[in-house]
Amino acid sequence: MLTAPTPPVLSSRYKRRDSELDPLMLAAVAASGTHVTRNHYAHDFFPAVGDPQAEGAYDWTKWQAQSSKDRGARRPRLKYVSRQAPRSQRLGLKKVDEDKENGAVREVAEPLRNAENLPPHAHRDPQTTSHVEGILPSASTSTTSQVSTASAGQVLPPLEAKCMARTRVPTPHGPVFLHLYHNNRDNKEHLAIVVDPAQLDEASPAFAPPIRSASLDAVWSETETEMDRITRGAYVGRLSATSQKPSSPSTVQPPLTIDNLPSPLIRIHSECFTGETIGSMRCDCGEQLDEAIRQISQPIKLPALSTNGSASPVTIPGRGAVIYMRQEGRGIGLLSKIRAYNLQDLGHDTVTANLMLGHKADERGYEIAGAILRDLGLGTEVGEGVRLLTNNPDKVQALEKEGVRIVERVPMVPRSWQSRHAKDDVHIVTTPSDDTPPVTPAGATMIGGGAVYGDDLEKYLRTKVLRMGHMLPLLGDDGLFHDQ
Ligand SMILES: Nc1nc2c(ncn2[C@@H]2O[C@H](COP(=O)(O)OP(=O)(O)OP(=O)(O)O)[C@@H](O)[C@H]2O)c(=O)[nH]1
C-alpha cells in the first residue's frame, strides 16, 4: 500500500481525507524490525534500556547510534526490550507458600521484585535468607552490598555513578545543591544534598575547595551548548537572569589556604518515606535528615589564620553533604517495611520483624554511595578525608571498605535523648496534649515536630543500640546513662 504507485485515475478526483503518513512512525516501524501497535507504548526502541548494566543503558548521551564508518556494513538488528514484568506476574499469578502447621498462606514472590528486567541483585538468594519463625538465624547486621552481589559467574561492569542534574534548593538551614545521580547497578535515582554555600558567593575568597561533581562538570558531547550545561546545573556561582556562567571540566581547584580546616561533614542517609514524608514517629529518620543538614550547615569558626595574613578568627560557611540513598527500610523496600511494622505491633522488634519476613536485618549496600562521594571529591585517598555523621558501626566499616577515608565519626544523638542531657535544648518544643498541636519554631525542622518521641521510637532506638550495636548511651532504670 505504501509503495505502490498512486492510481492515476483516482488522484485528481478523490483527495485524501486521512492525515499524511507520519514519517516518525514509519521510522519507528523500520527501526524496530517488527510491528508497532498501540499496545507497545511501554516498550523501548533503544537497545539496552531495559538492561541497566549495558554501556549507555542509563545514560542516553552514551548511546552510540550507527557510526558513519559502519554505514556500509550490515545494520545490526536493534534489540526489542520490554520494561514490563512477564505477563504472568503482571496478572498477579503469585506463588504461595503454605505453612501447613500454622495454616498460614504466605506470598513468597513479590511480582515487582522478581520482574526479569531487574538487575540480578534484586533476586533473593534463598541460601542467605530464612523466613520460618523459630529457626531464625542470629541477628545479622551485615552490610553485604545488595548491589554488588552478582549471581555466580556473572561479571558486572565497573560501577559508574553519573550526576545527571544539580540545582540550588533553599532550606530552613540555608541553601543546598541537590544532585541527582544515575548509575549502572540499580534503577534508582540516588541523591546528594551538597552544603557548600560559599560557591554562591564568588566575590568572597574561597578558603576551601568547592564540593562539585566531576561527572556533571565533564563535557558530555561535542555538540552540547552552554545552555545544555547550565540547564543540567553545570554552572558556577549563583544562577540568575544576569549570571549564567557554565562550569568547565578543567576548572583548577583552589588549593587549601588554611591548615586547620575541618574535613567536610557528611552523612549517608537511607530513604524512609514514613519518617521523612508523613512524620512517622516510629523512627527518627526525618529528624536525622533534618539534623544532618542543620549540623553540616553550621558556620565553621577558624582560629586566627596565619596563611592568609588575617590576625583575627575567621568564620566560613559550613560544608559537607548528605548522600541520600534510595534504600527504603534498610534495603528491604517500603512494602516489606510496612509488613514489618505490623509484626512489630505484635511485639517483635525491628530486627526480628525483618528476619521473619525472610530479609536480613540490614540489606543495604554502600558501593554506590562510595562512587557518589568519589565523584564529589569527598573522602578520596588524597585530600581532606571526611567526618561521618552516624552511630552505625557497620556503616563506617562498609564505607571504609569502599575506599572512603573517614577521619572522624560524629555521633547523631536523637533530639529527644539530647534533652535528657540539656533540658533547655532549642529543638525540644512543648509536649503536646491530645488536642493541642506542638508549637514548632519556624524553620526548626522540615517535617512538623522539633523532636520525635514516643514509646514506638524508644523501643526502636533501644533495639538499634542493643541488637544492632549502634553507638549511643542508653538511659538505664537507675536514671543514669550507660555506654554500650
Ligand atoms: N526494615 C525496617 N527499616 C526501618 C525501620 N525503621 C526505619 N527503617 C529504615 O532504616 C533506615 C535508616 O536506618 P537507621 O538504622 O535509622 O540508621 P542507620 O543509617 O543505620 O544509622 P545512623 O547513621 O546512625 O542513622 C531507613 O531506610 C528507614 O526506612 C524498621 O522498623 N524496619
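Residues numbered from 1 in each chain as written. Predicted model: local features only at pLDDT ≥ 70, side-chain atom pairs only at ≥ 80, totals over all residues.

Visitor: Whenever I open this one, the overall build of the protein chain confuses me. Can you help?
Guide: Regarding its fold elements, the protein chain presents 13 helices and 17 strands. Per-residue burial over the protein chain gives 29% buried out of 484 residues. When contacts within the protein chain are restricted to residue pairs at least 6 apart in sequence, those whose partners lie at least 24 apart make up 61%. (Helix = DSSP H or I, 4+ residues; strand = E, 2+ residues; numbered from the N terminus. Buried ≥ 20, exposed ≤ 12 C-beta atoms within 10 Å, placed from the backbone. Contact = placed C-beta atoms within 7 Å.)

Visitor: I would appreciate a short explanation of the sheet that holds strand S10 (residues 265-270) in the present structure.
Guide: What holds strands together in a sheet is hydrogen bonding between their backbones, with the strands either parallel or antiparallel. With respect to topology, seven strands assemble into an open sheet ordered S5-S6-S7-S13-S10-S14-S15, the strand pairing being mixed. Only two strands of the sheet have a single neighbouring strand rather than two, namely strand S5 (161-171) and strand S15 (406-410). Neighbour-to-neighbour, the strand axes of the sheet open up by a mean angle of 25°, direction not taken into account. Running at roughly 165° to S10, helix H7 (residues 285-297) makes contact with S5, strand S6 (174-183), strand S7 (190-195), S10, strand S13 (320-325) and strand S14 (386-389) of the sheet. (Pairing = 2+ DSSP bridges. Axes fitted to C-alpha atoms, helices over the stretch in contact; angles between N-to-C directions.)

Visitor: Just checking my understanding: could you explain the nonpolar core for this structure?
Guide: Generally speaking, a soluble globular protein has its nonpolar side chains buried in company with each other. In terms of nonpolar packing, the biggest core is built from 46 residues, with Ala192, Ile193, Val194, Ala321, Ile323 and Ile372 touching the most fellow members. Setting aside its immediate chain neighbours within four residues, Ile323 contacts Ala192, Ile266, Ile268, His269, Ala369, Ile372 and Leu373. (Core = buried A, V, L, I, M, F, W, Y, C linked by C-beta atoms within 7 Å.)

Visitor: Would you mind going over the site of the ligand with me for this structure?
Guide: Of all residues adjacent to the ligand, which total 22 residues, the nearest are Ser270, Cys272, Thr390, Asn391 and Asn392. Mapped onto the shell around the ligand, the elements with two or more residues apiece are H7, helix H8 (334-345) and helix H9 (350-356). When the residues that make up the shell around the ligand are grouped by side-chain class, the tally is six nonpolar, 10 polar and six charged. (Near = placed C-beta within 6 Å. Nonpolar A, V, L, I, M, F, W, Y, C, P; charged D, E, K, R; others polar.)

Visitor: When you look at the pairing of S10 in this model, what are you seeing that I'm missing?
Guide: Along a regular strand, successive side chains alternate from one face of the sheet to the other. When you tally the buried positions in S10, you get six out of six residues, the bulk of the element. The alternating pattern of S10 places Leu265, Arg267 and His269 on one face and Ile266, Ile268 and Ser270 on the opposite face, and all of these are buried. As judged from the two bridges shared by S10 and S14, these two strands associate in the parallel manner. Following the sheet pairing, Leu265 is matched in S14 by Arg387.

Visitor: Please explain the confidence of the model for the protein chain as it appears in this structure.
Guide: Across the protein chain, the average pLDDT comes to 74, with 59% of residues at 70 or higher. Every residue in residues 38-45 is under pLDDT 50, and counting partners more than four places away or in other chains gives 14 contacts. Scored below 50 in pLDDT, residues 423-445 makes 29 contacts in the model with residues more than four places away or belonging to other chains. Here the predicted complex scores 0.66 on pTM and 0.97 on ipTM. (pLDDT = per-residue confidence, 0-100.)

Visitor: Would you take a moment to explain H8 for this structure?
Guide: The periodicity of an α-helix, 3.6 residues per turn, causes residues three or four places apart in sequence to face the same way. Taking 1.5 Å as the rise per residue, H8 with 12 residues should run 16 Å; its terminal C-alpha atoms sit 17 Å apart, in good agreement. Listing the buried residues of H8 in full gives Ser336, Lys337 and Ala340. Around the axis of H8, the buried residues are gathered within 100° of arc, so they sit on the same side. Exposed residues on H8 whose side chains face more than 90 degrees from its buried face are Ile338, Asn342 and Asp345. In this structure, the buried side of H8 is in contact with H9. Gly347 lies just past H8 and shows a positive phi near 120°. (Expected span 1.5 Å × (residues − 1). Arc of directions from axis to C-beta.)

Visitor: Sorry, what's going on with the pairing of S15 here?
Guide: Relative to S15, S14 is paired through four bridges, and the arrangement is parallel. Directly across from Leu389, in S15, lies its bridge partner Val410. Handedness of the S14-helix H11 (residues 393-401)-S15 crossover: right-handed. (Right-handed = clockwise from strand over helix to strand, strands pointing away.)

Visitor: Any chance you could explain unusual backbone geometry here in plain terms?
Guide: Outside of glycine, negative phi angles account for most residues, and trans bonds account for most peptide bonds. Even without glycine at this site, Arg330 takes up a positive phi of about 50°. Within the secondary structure, Arg330 sits in the loop between S13 and H8.

Visitor: Would you explain the environment of Gly365 in this entry?
Guide: Following the sequence through the fold, Gly365 ends up in the loop between H9 and helix H10 (367-375). With 23 C-beta atoms packed within 10 Å, Gly365 lands in the buried category. For Gly365 and Lys395, which are 30 residues apart along the polypeptide, the C-alpha to C-alpha distance reads 9.1 Å.

Visitor: I would appreciate a short explanation of H10 in the present structure.
Guide: Burial within H10 is extensive, with eight of its nine residues counted as buried. If you check which residues of H10 are buried, you get Glu367, Ile368, Ala369, Gly370, Ala371, Ile372, Leu373 and Asp375. Looking one or two residues beyond H10, the residue adopting positive phi is Gly377, at roughly 70°.

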